[in-house]
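Notes for the structure review
Below, each chain spelled out in residue letters.
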Amino acid sequence: MRFFLFLLLLLPLAACAPKLLPPVAIQIPDRPIEYLAEVKPILDSRCVVCHSCYNSPCQLKLSSYDGLDRGAGKKKIYNATRLKTMDPTRLFIDAQSTEEWRKKGFTSVTASSAGLGFNDSLMLELLNHKMDNPKSTGEYFSEAEDLTCVENGSELGKYLKKHPNRGMPFGFPPLKKEEFATIAGWLAQGAKGPSAEQQAVLSAPAKKDIAAIKRWESFFNQDDAKHSVTARYLYEHLFLAQITFDASGESYYELVRSRTPPGKPIDLIATVRPYDDPRTNRVYYRFRRIYSTIVHKTHMVFTLDEAERARVQELFIKPKWLQEPHALSYDTKLSANPFAAFEQIPPRSRYRFLLDHAQYIVMTFIRGPVCKGQIALSVIPDHFWVMFMDPEFDLSVRFPGFLRVQQENLKMPTERGSRFPVFDLLDNPYHKAIQRFFKARQDFYAAHYFNGLGYEAIWKGEKASDSPLLTVYRHFDSASVHKGVLGELPRTMWVIDYPLLERIYYALVAGFDVYGTLGHQLAVRLYMDTLRVEGESYFLQFMPPDQRKAMIQSWYEDVKYKDIHTSRTDMPTGITFNTSDSKREFIEQLVGTQILPQTEIAFDPINYFPGGANHPPLPDQYKTIDDFLQGLRAVSRPGTSFVRLFNDYNTNLAYLRIRIPEKKDIVASLVVNRWHDNVTYLFGENDVLDSSRDQVDILKGFIGSYPNYFFDVTLDQLPDFLDLLANMQGTDQDLQRLRNYSVNRADDDFWGRYDWFQKRFFQDQPVQAGLFDLNRYYYKAL
């Protein structure tokens, strides 16, 4: 208490200081303050929500002591005009000590120029400034391009003088006084991290996982060519995974390449891409414990249990390969083309592995390594469904020689590495190659399936864990992928076969470099543009031939048909349709009678309207469950007042808490699907938007990683809330009504209400959940 009162006496001094505070005197508590037990929980709940990925402001990652000790840097990872590659700055990979990070330009945020018992660190000054200026006012863009990243007290003083309301937490309420006291006392004591003993426990495998790790590392590191090539293929697809060995979700690992074998400390091989030359005589695949705080945006779970080990044996080790198994080189162009690098492995084995983990594979490019993905995600619509070609009908699987013949046409721009000259895109050889492949593929299918393809050609799944149908939502510069068919019938759907799935993965995930040049990122963006149309075209081949042109033209408004590359196909369809709405009839037949029941895939009960039924009006009264369901369905119609009024890129995803008396509260996600006339643009996205055609899906549970807003209503208030969504006109009265249900970033009780949503997420999805990211919370402080 004596320490706490002393701090309270000091805090008002900040308001009187004309410049940045001189070193703040702090009385050290009688007891040492433990980082893991006392400091880290505060950082996790109040700081990691913005500081945990590539998009962390100033690259300050606070999800581990390693990131806190590394500090902040001025270089911007997201630089749309970069003409030279940037040296990678991946925590735990590109430097292994504080000194190495200082050489890379990172500045300490905990170091103090004062003696023990005092602290004038950047971290304390920012936190202290917020305590003195607690009210957030104006607008806050923590990912803004012009965000100032200071490296000393002088720069910080100038910044805070210019922006007096930008202490930390940025644009949110300050820490509680006792939380501030804990952080301040810890900083005054030298900001010490875990002890050597504690760090050893953090980084060591969990006891329950030791046996599994030993078995898997033995499998990955066998000397024979069949195992070593299999291990390389698996690693290149799992390098982003957060791996668990059981269903508990208590511990996670990453699969890494090491110069040292199992049983010895890991000597990490740090390369930009998982297939880059390791420059060592022998590569060992090892499992490294993840002890950073789990954040949802990068939490892509992959389970390596005994069932998976048996499946890998069945798919890769038992079958006879197409060639005598032999070691692979790390030639740049060979490694960048999986169809050439792994041609000895039967395509059936590769494709079945990818299908087993379809949601994870799609998730890697949807959530991916970049954290802030507008470059990659502007290439996809806001809402679409994905399905897959059945291996028994995929001709690249049935006739592997086709892939061998087409290897040159399956090359990707990522074979150029991270430096792709922009002018080379004027006569893009990869665009020409993909056109040649598409024509050859379509000719091959037309000759083999001269009567067209039917429902039997779509993969139906085999077990409950399979994901034969996926929903993708884009939330501006983030996205999410979900098992099943969520929402109303989307404008577009994709059918993905093995060559398409592998190319999407290697172009956008394995081969993509967020530190690469403008040319590299633009080349990948243009390549994915064509892959998207390819997936849509494979869906169209199931549609009536006389409807295909009009259908794809409706997806690409204001784009000439001849410019929609790879869209044309002369194949007949193998399906006889009974209605004029062939797209809806196709998916309803597929979901209703074809997909295996054990996958538990069914239409969304709120947002999907069977047979194209009209949206109902709001009910006159709310007495039954059906009344509430009708209300929810009513506001999911396109062009409601809410989506027309709140139509910028910071209003795409909200979480709704509905308080139920004496029962468990309900959580729902409000996912706004922005209408795009087309998604062929490189710049000027606003020019293809139309808010009158926007639509909101209301979905049970949590969707996405970056909530833009929280709403909190009681069951009695829900009718008024739904009426607002449907009919609000933007008047002051309407805005005040909405304000009654919303959680604004400036609200004094913001953190307590955020905590409820975060806690509920972990309760509902203990394995898949992680911390939400608040960097994109609605920017206006009211």
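Quick note: structure is the one above.
Bear in mind that the values here come from a model prediction, so they are computed numbers and not experimental data. (Residues numbered from 1 in each chain as written. Predicted model: local features only at pLDDT ≥ 70, side-chain atom pairs only at ≥ 80, totals over all residues. Heavy atoms only, no water.)

**Here's the deal with the overall build of the protein chain**
From N to C terminus, the protein chain includes 29 helices and 17 strands. Principal-axis analysis of the C-alpha atoms gives the protein chain an extent of 85 × 75 × 55 Å. Taking all 782 residues of the protein chain together, the buried fraction comes to 61%. Expressed as a percentage of contacts within the protein chain between residues at least 6 apart in sequence, the contacts between residues at least 24 apart total 77%. A total of about 31900 Å² of accessible surface is found on the protein chain, and carbon and sulfur atoms cover 54% of it. (Helix = DSSP H or I, 4+ residues; strand = E, 2+ residues; numbered from the N terminus. Buried < 20%, exposed > 50% of the residue type's maximum accessible area, 1.4 Å probe, protein only. Contact = heavy atoms within 4.5 Å. Areas by Shrake-Rupley, 256 points an atom, 1.4 Å probe, with all protein chains shown as cover.)

**So, the packing of aromatic side chains**
Any pair of aromatic rings gets described here by the distance separating the centres and the angle formed by the planes. One pass over the full model with this rule turns up 69 aromatic pairs. Look at Phe603 and Tyr608: their rings are 4.0 Å apart centre to centre, the planes differ by 10°, and that puts the pair in the stacked class. Given a relative accessible area of 22%, Phe603 falls into the partly exposed group. On the basis of relative accessibility, which here comes to 2%, the residue Tyr608 falls in the buried class. Ring centres of Tyr709 and Phe711 lie 5.5 Å apart, and the angle between their planes is 40°; this geometry places the pair in the tilted category. Judged by relative accessible area, which is 12%, Tyr709 ranks as buried. On the accessibility criterion, Phe711 (3% relative accessible area) is buried. The ring of Trp675 has Arg491 sitting right over it, with the charged end atom 3.7 Å from the ring centre. Positioned over the ring face of Trp756 is Arg657, at 3.9 Å from the centre of the ring. (Phe/Tyr/Trp six-rings, centres within 6.5 Å; stacked < 30°, edge-to-face > 60°. Lys NZ or Arg CZ within 6 Å of the ring centre and 35° of its normal.)

**Quick word on the sheet that holds strand E16 (residues 742-743)**
With mixed pairing, 5 strands are arranged side by side in an open sheet as E14-E13-E12-E15-E16. The open sheet terminates on both sides in strands that have one partner only, identified here as strand E14 (695-700) and E16. Examined bridge by bridge, strand E12 (residues 653-659) and strand E15 (residues 709-714) share 6 bridges and lie parallel to one another. Bridge pairing in E15 places Arg657 opposite Asp712. (Pairing = 2+ DSSP bridges.)

**Brief notes about the packing of helix H11 (residues 225-238) against helix H12 (residues 306-317)**
Relative to each other, H11 and H12 sit at 115°, their axes nearing to 11 Å. Viewed along their axes, H11 and H12 adopt a mutual orientation that is roughly perpendicular. When you trace H11 past H12, the crossing you get is right-handed. Of H12, the residues touching H11 (which contributes Lys226, His227, Thr230, Tyr233 and Leu234) are Val312, Gln313, Phe316 and Ile317. For the contact of H11 with H12, a count of residues per class yields 5 nonpolar, 3 polar and 1 charged. (Axes fitted to C-alpha atoms, helices over the stretch in contact; angles between N-to-C directions. Parallel < 35°, antiparallel > 145°, perpendicular 65-115°, else oblique. Left-handed = near helix turned anticlockwise from the far one by under 90°. Nonpolar A, V, L, I, M, F, W, Y, C, P; charged D, E, K, R; others polar.)

**Section: the nonpolar core**
The biggest cluster of nonpolar side chains holds 131 residues, and the ones touching the most others in it are Phe287, Met387, Phe388, Phe586 and Ile587. If you look at the next biggest cluster of nonpolar residues, it comprises 92 residues, including Leu122, Phe642, Val667 and Val713. (Core = buried A, V, L, I, M, F, W, Y, C linked by side-chain atoms within 4.5 Å.)

**Examining H12**
For H12, with 12 residues, the first-to-last C-alpha span of 15 Å sits near the 16 Å given by 1.5 Å per residue. Within the sequence span of H12, burial applies to Glu308, Arg311, Val312, Leu315, Phe316 and Ile317. Of the surrounding elements, those touching the buried residues of H12 are helix H10 (210-220), H11, strand E7 (301-303) and helix H15 (347-356). With a side-chain oxygen positioned 3.3 Å from the backbone nitrogen of Ala307, the residue opening H12 is Asp305. (Expected span 1.5 Å × (residues − 1). Polar contact = N/O pair within 3.5 Å; in protein donor to acceptor, adjacent residues only side chain to side chain.)

**Digging into the environment of Glu585**
By the element assignment, Glu585 lies in helix H24 (residues 582-594). Looking at Glu585, the relative accessible area reads 16%, which means it is buried. Distance from Glu585 to Leu425, taken between C-alpha atoms, is 40 Å for residues 160 residues apart in sequence.

**Looking at the pattern of salt bridges**
A side chain with one charge may pair with a side chain of the opposite charge, provided their charged atoms come close. Applying the stated criterion across every chain yields a total of 51 salt bridges. The shortest N-O distance in the salt bridge between Arg311 and Asp356 comes to 2.6 Å. Here the residue Arg311 occupies a position in helix H12, and Asp356 occupies one in helix H15, the gap between them amounting to 45 residues. By relative accessible area, which is 16% here, Arg311 ends up buried. A cluster of three or more residues bridged by salt bridges with shared partners is formed by Arg311, Glu314, Asp356, Lys463 and Asp466. (Salt bridge = Lys/Arg side-chain N within 4 Å of Asp/Glu carboxyl O.)

**Remarks on empty space enclosed by the protein**
Applying the stated rule across the entire model yields 8 cavities of 30 Å³ or more. One number sums up the size of the largest cavity: a volume of about 490 Å³. Along the walls of the largest cavity sit 27 residues, with His51, Pro57, Leu60, Leu126 and Met168 positioned nearest its centre. For the lining of the largest cavity, the secondary structure elements donating two or more residues are helix H6 (122-132) and helix H7 (153-162). Its residues assigned to classes, the lining of the largest cavity shows 23 nonpolar, 3 polar and 1 charged. (1 Å grid on protein atoms, 1.4 Å probe; cavity = no way out; pocket = protein on both sides within 12 Å on 5 of 7 lines; lining within 4 Å. Points joined across faces, edges and corners; volume = space filled by probe spheres on them.)

**Some remarks on the packing of helix H3 (residues 35-46) against helix H8 (residues 177-188)**
Relative orientation of the contacting elements H3 and H8 amounts to 125°, with a least axis distance of 10 Å. In terms of orientation, H3 lies oblique with respect to H8. The way H3 lies across H8 gives a crossing that is left-handed. Of the residues in H8, those touching H3 at Tyr35, Glu38, Val39, Ile42, Leu43 and Arg46 are Glu179, Thr182, Ile183 and Trp186. Looking at the contact of H3 with H8 residue by residue, the classes come out as 6 nonpolar, 1 polar and 3 charged.

**Concerning the state of the cysteines**
Applying the stated criterion across every chain, the model contains 1 disulfide. With a sulfur-sulfur separation of 2.1 Å, Cys58 is cross-linked through a disulfide to Cys149. Handedness of the Cys58-Cys149 disulfide follows from its S-S torsion of about -95°: it is left-handed. Linking Cys58 in the loop between H3 and helix H4 (65-70) with Cys149 in the loop between strand E3 (138-139) and H7, this pair joins segments that are 91 residues apart in sequence. As far as burial versus exposure is concerned, Cys58 and Cys149 are alike and both buried. The thiol of Cys50 is unpaired, and the distance to the nearest cysteine sulfur, on Cys47, comes to 8.8 Å. On the accessibility criterion, Cys50 (11% relative accessible area) is buried. (Disulfide = S-S within 2.5 Å.)

**Thoughts on unusual backbone geometry**
Cis geometry marks the peptide bond from Met168 to Pro169; its omega dihedral reads 5°. Although it is not a glycine, Arg279 sits at a positive phi angle of roughly 55°. Note on placement: Arg279 falls in the loop between strand E5 (253-258) and strand E6 (284-289). Overall, the relative accessible area of 73% leaves Arg279 in the exposed class. In this structure, Phe476 takes a positive phi of about 65° despite not being glycine. With respect to the helices, strands and loops of the structure, Phe476 is situated in the loop between strand E9 (469-474) and strand E10 (479-483). Its relative accessible area of 14% is what places Phe476 among the buried residues.

**A closer look at the sheet that holds strand E11 (residues 492-496)**
One key point about sheets: their strands pair by backbone hydrogen bonds, in either a parallel or an antiparallel sense. Taken in spatial order, the 4 strands make up an open sheet running E10-E9-E8-E11, and their pairing is mixed. The open sheet terminates on both sides in strands that have one partner only, identified here as E10 and E11. Here the average twist between neighbouring strands, direction ignored, is 25°. Bridging between strand E8 (residues 383-388) and E9 involves 5 bridges; their strand directions are antiparallel. Note that in E9 the partner of Phe384 across the bridge is Val472.

**Digging into the side chain of Asp747**
As for its position among the elements, Asp747 is in the loop between E16 and helix H29 (750-764). Those residues in contact with Asp747 that lie beyond four places of it in its chain are Pro173, Arg739, Ser742 and Arg753.

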